[in-house]
Amino acid sequence: MTESGDDAEAQDDQILVGLLADPGSPADLADQLAPELPKLLSRRVNDRVSWTVRISPVPLTAGLHSTSEMLDAVRERKEQEGYDVAICLTDLPLRTDGRPMAAHVNTVDRVGLISLPALAGIWQQRRRTREAIVQIVGDLLEPGEGEGEGEGAARPRRRLNRLIAGRVVPVRRVTPVEEAADARFVTPAGRGRLRLVAGMVRANRPWRLVPYLSKALAAALATSALASVNGIVWQLADALGAVRLSVATVSSVATMVIWLIVYRRLWERPTGPSPWEREKAALYNTATVLTLTAGVLFCYAALFVGSLVAVLFIIDSGVFERTLRHPVDAGSYVALAWMASSMATVGGALGSGFESDEAVRHAAYGKREEQRRAEREQAARR
């Protein structure tokens, strides 16, 4: 999409970049990056054109089984919207030759696909994604469009190649022999898989699970209040010690997580016999367990703080000492709040039965993908 004047020096070409994003964390990230991308592209790719970045939050990848199908969907959207280049951000795990794949691009169609969990992991997601988008846009454009002239313009491109190849994230670029127009960015099988799982947990945004579990937290607070004024609980907390209280914490959190998975049927099963379908189900389940564990731990921490404040305010030290038959200190109150929180977390599991499906859908990849697939099919029927 260009407009040329008589004077080559005064040309004002425009390149329209489409930033497609799955709903949720990819769309949120696209919103954050869009305002700063035009300046970055001008400075690092080509300052002789005008850059425009448009965001399109659509469930483009849901229900598709290969990156080739996903790239075809991106290409169709690119042609519909009239983009010069289109890049899709997804939180789905991708792989090639048994290794996690951070990005897949087709230079002929000028489309790209970025898997945020594999590329960015859990830290510096915004920075890594921004660098990857700039690199891929430069790669997808022809030399006359995507690069400036002279040695000064080549240096930023070489720098970007180094950044995405290993300085920012351990990603290696490979070009399949059978697909000369394609380029893929892959991560090591071992460390890359750990980064992928961490990125999937971040995409689930476990901190957002806390308000969704408000009814469970309310039930836990009620249980904690009852436990905190029970003399037998006082004696148990005093007698158990830190090790057994830690075991009680782990047991209560595990009980809550297992209850949520079983009651809400969050456990994924392979949708096909292929090794990738089995691996994908294992990745989904691992991410779900870790997400729910993190979310329940957030709730547990909030519950512990609330319980500690309550016991310090309500329980008179004299009554506490007469029940325990020895002097009490701050550690005695901490142990009581600790014990009450563990007991209350198990009670909160029952309260979680009253939560809506919406409360836990964001914590499970399979549920979220089902929702996106339904939205995609609905949009296709319009």
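All values derive from a computational prediction rather than experimental measurement.

## What about the overall build of the protein chain?
Then, in step 1: On a plain count of helices and strands, the protein chain comes out with 16 helices and eight strands.
Then, in step 2: Considering only contacts in the protein chain between residues 6 or more positions apart, those separated by 24 or more positions represent 78%.
Then, in step 3: For the protein chain, the accessible surface area stands at approximately 18300 Å², while carbon and sulfur atoms represent 56% of it.

## A few points about the packing of helix H8 (residues 189-204) against helix H12 (residues 275-314)
Then, in step 1: Two elements in contact, H8 and H12, have axes separated by 9 Å at closest approach and are oriented at 55°. In terms of orientation, H8 lies oblique with respect to H12. The two elements H8 and H12 meet at a crossing, and its hand is right-handed. For the pair H8 and H12, contact is made by Arg193, Leu196, Val197, Met200, Val201 and Asn204 and by Glu279, Leu283, Tyr284, Thr286, Ala287, Thr288, Leu290 and Thr291, respectively.

## A few points about helix H2 (residues 37-44)
Then, in step 1: Residues of H2 that are buried: Leu37, Leu40, Leu41 and Arg44. Take H2 and look down its axis: the buried residues cluster within an arc of 95°, on one side only. Residues of H2 that are exposed and point over 90 degrees away from its buried face: Lys39 and Arg43.

## Topic: the pairing of strand E6 (residues 111-115)
Then, in step 1: The buried count for E6 comes to five of five residues, which makes it a mostly enclosed element.
Then, in step 2: A two-sided burial pattern is seen for E6, the buried positions comprising Val111, Leu113 and Ser115 on one face and Gly112 and Ile114 on the other.
Then, in step 3: Where strand E5 (residues 99-106) lies against E6, four bridges are found, and the strand directions are antiparallel. Looking across to E6, one finds that His104 is bridged to Leu113.

## Points about the packing of aromatic side chains
Then, in step 1: What the rule picks out here adds up to three aromatic pairs.
Then, in step 2: Here Trp259 and Tyr263 contribute two aromatic rings whose centre-to-centre distance is 5.2 Å and whose plane-to-plane angle is 15°, an arrangement assigned as stacked. In this pair, Trp259 and Tyr263 both sit in helix H11 (residues 231-263), four residues apart, roughly one turn of the helix.
Then, in step 3: Ring geometry for Phe320 versus Tyr333: centroids 5.0 Å apart, planes at 65°, classification edge-to-face. Of this pair, Phe320 sits in helix H13 (residues 317-324) while Tyr333 sits in helix H14 (residues 330-351); the two residues are 13 residues apart in sequence, bridging distant segments of the chain.
Then, in step 4: On the accessibility criterion, Phe320 (1% relative accessible area) is buried.
Then, in step 5: Classification of Tyr333 by relative accessible area gives buried; the value is 9%.
Then, in step 6: Here the aromatic cluster, defined as three or more aromatic residues joined through ring pairs, consists of Trp234, Phe320 and Tyr333.

## Considering the pattern of salt bridges
Then, in step 1: Tallied over the full model, the rule gives 11 salt bridges.
Then, in step 2: Salt-bridge contacts for Arg75 lead to Asp72; the nearest nitrogen and oxygen are separated by 3.8 Å. On the criterion of helical spacing, the pair formed by Arg75 and Asp72 is a turn pair, its members being three residues apart in helix H3 (residues 67-81).
Then, in step 3: In this structure Asp72 comes out as partly exposed when scored by relative accessible area, which is 35%.

Rules behind the numbers
Throughout this document, residue positions are counted from 1 along each chain, in the order its sequence is written. Confidence filtering applies because this is a predicted model: local features only for residues at pLDDT of at least 70, side-chain atom pairs given and counted only at 80 or more, and all residues used for totals across whole chains, interfaces and linings. Only hydrogens and water are set aside; all other atoms, that is, all heavy atoms of the structure, feed into the side-chain values. Think of it this way: any DSSP run of H or I at least four residues long counts as a helix, any run of E at least two long counts as a strand, and we number them from the N terminus. Should any heavy atoms of two residues lie within 4.5 Å, those residues are considered in contact. All accessible areas in this document rest on Shrake-Rupley with a 1.4 Å probe, and a residue is counted as covered only by the protein chains that are shown. Here an angle of 0 to 180 degrees is reported between the N-to-C directions of two axes, which are lines fitted to C-alpha atoms, with helices fitted over the stretch in contact. When an angle is under 35 degrees it counts as roughly parallel; over 145 it counts as roughly antiparallel; between 65 and 115 it counts as roughly perpendicular; any other value is oblique. Left-handed is the label given to a crossing in which the near helix is rotated counterclockwise from the far helix by less than a right angle, and right-handed is the label when the rotation is clockwise. The cut-offs for exposure are 20% and 50% of the maximum accessible area for each residue type, with area from a 1.4 Å probe on protein chains only; residues under the lower value are buried, those over the upper are exposed, and the others partly exposed. In this description, one arc is meant: the one made by directions from the helix axis to the C-beta atoms. If DSSP finds at least two bridges between two strands, the strands pair. Here is the rule: rings of Phe, Tyr and Trp (six-membered ring for Trp) pair when centre to centre is within 6.5 Å. Planes less than 30 degrees apart are stacked, more than 60 are edge-to-face, and the remainder are tilted. Salt bridges are counted wherever a side-chain nitrogen of Lys or Arg sits within 4 Å of a carboxyl oxygen of Asp or Glu.

None of this, on its own, says anything about what the molecule does.
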